[in-house]
Amino acid sequence: MSTPLVVAVDGTSGSGKSSTSRGVADRLGLRYLDTGAQFRAMTWWMLSNDVDVHDADAVAAAADKPVIMSGTDPNGPTITLDGTDVSREIRTDEVNGSVSPVSAVPAVRARLLELQRGIIREALTGPGIVVEGRDIGSVVWPEADLKLYVSADPSARATRRAAEVGSSDDASIAATKASLEARDVIDSGRTTAPLVQADGAVHLDTTHITLEQAIDQVVQLAVELTSQA
Ligand code: DC
């Protein structure tokens, strides 16, 4: 592909958007940015520094302090906080339970928006980037060449997420489903940059398709787009 490409992938947790985004970036030779990991790193910093995540003023006052860096290789994305790898810490239940209120704070979003746009601009000096999150096609990069809105049935999402962490019994799936749905409500209902299907986004429902099929469909859309250009 000759002109740099930005692919914006938004959707709910567990919809398959991360695996699809990484697979697409790998197949097309693009960089990959997981913006959810940045919100998670911000949340881990708040928890580690005893900031009350439900006190929006306290979170806003601290939002400029953490130094968050994202590595954008789709085959080994990294996330560091103040120079330390936090890829494991950001996937804990503690962070799952606190990331939505932290993400709803406008100062947090403004700080990470600046970071995200900087990474996208840098990727545009190369082949381009696949960026995944909740507000990429609507707020972060509305001029993206291709926008996707990825969804899946809540039970399918919970089953996949529970399997990812190695707990596929009924109780774990039910708990995962409740946690995902609680986050969806906050992420979709917040005032600043809520999760929405962006204008011009293609809806990809992954409930009944495999990961390979999802990747194929997006790659096909990108190839059609670049052959029209
Ligand atoms: O994609 P994820 O589940 O790792 O995202 C974690 C949280 O981060 C999610 O509940 C909402 C927030 N988030 C956001 O508000 N905006 C983004 N662009 C990405 C994630």
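Residues numbered from 1 in each chain as written. Predicted model: local features only at pLDDT ≥ 70, side-chain atom pairs only at ≥ 80, totals over all residues. Heavy atoms only, no water.

## Notes on the site of the ligand
Around the ligand, 17 residues are found, and the nearest of them are Arg 40, Arg 109, Asp 135, Asp 187 and Arg 190. The side chain of Ser 13 places a nitrogen or oxygen atom 3.3 Å from an oxygen atom of the ligand. Arg 109 is positioned such that a nitrogen or oxygen atom in its side chain is 2.8 Å from an oxygen atom of the ligand. When the free accessible area of the ligand is taken as 450 Å², the share hidden by the protein chains comes to 99%. Going through the elements one at a time, helix H2 (35–48), helix H4 (93–103) and helix H8 (170–189) are the ones with two or more residues in the shell around the ligand. The greatest single-element share of the shell around the ligand, amounting to four residues, is contributed by H2. Along the lines of polarity and charge, the residues of the shell around the ligand split into two nonpolar, six polar and nine charged. (Near = heavy atom within 4 Å. Polar contact = N/O pair within 3.5 Å; in protein donor to acceptor, adjacent residues only side chain to side chain. Areas by Shrake-Rupley, 256 points an atom, 1.4 Å probe, with all protein chains shown as cover. Helix = DSSP H or I, 4+ residues; strand = E, 2+ residues; numbered from the N terminus. Nonpolar A, V, L, I, M, F, W, Y, C, P; charged D, E, K, R; others polar.)

## A short note on helix H5 (residues 106–123)
Since the α-helix advances by 3.6 residues per turn, residues separated by three or four positions end up pointing in the same direction. For H5, with 18 residues, the first-to-last C-alpha span of 25 Å sits near the 26 Å given by 1.5 Å per residue. Of all the positions in H5, only Val 108, Arg 109, Arg 111, Leu 112, Leu 113, Gln 116, Ile 119, Ile 120 and Ala 123 are classed as buried. (Expected span 1.5 Å × (residues − 1). Buried < 20%, exposed > 50% of the residue type's maximum accessible area, 1.4 Å probe, protein only.)

## Some points on the packing of helix H1 (residues 17–28) against helix H9 (residues 211–228)
Packed helix pairs are characterised by how far apart their axes lie and by the angle those axes make with each other. One can describe the packing of H1 onto H9 by two numbers: an axis separation of 9 Å at closest approach and a directional angle of 50°. Here H1 lies oblique to H9, going by the angle between them. Where H1 crosses over H9, the two elements pack in a sense that is right-handed. Counted together, Ser 19, Thr 20, Gly 23, Val 24, Arg 27 and Leu 28 of H1 and Leu 211, Glu 212, Ala 214, Ile 215, Asp 216, Val 218, Val 219 and Ala 222 of H9 form the full contact between these two elements. (Axes fitted to C-alpha atoms, helices over the stretch in contact; angles between N-to-C directions. Parallel < 35°, antiparallel > 145°, perpendicular 65-115°, else oblique. Left-handed = near helix turned anticlockwise from the far one by under 90°. Contact = heavy atoms within 4.5 Å.)

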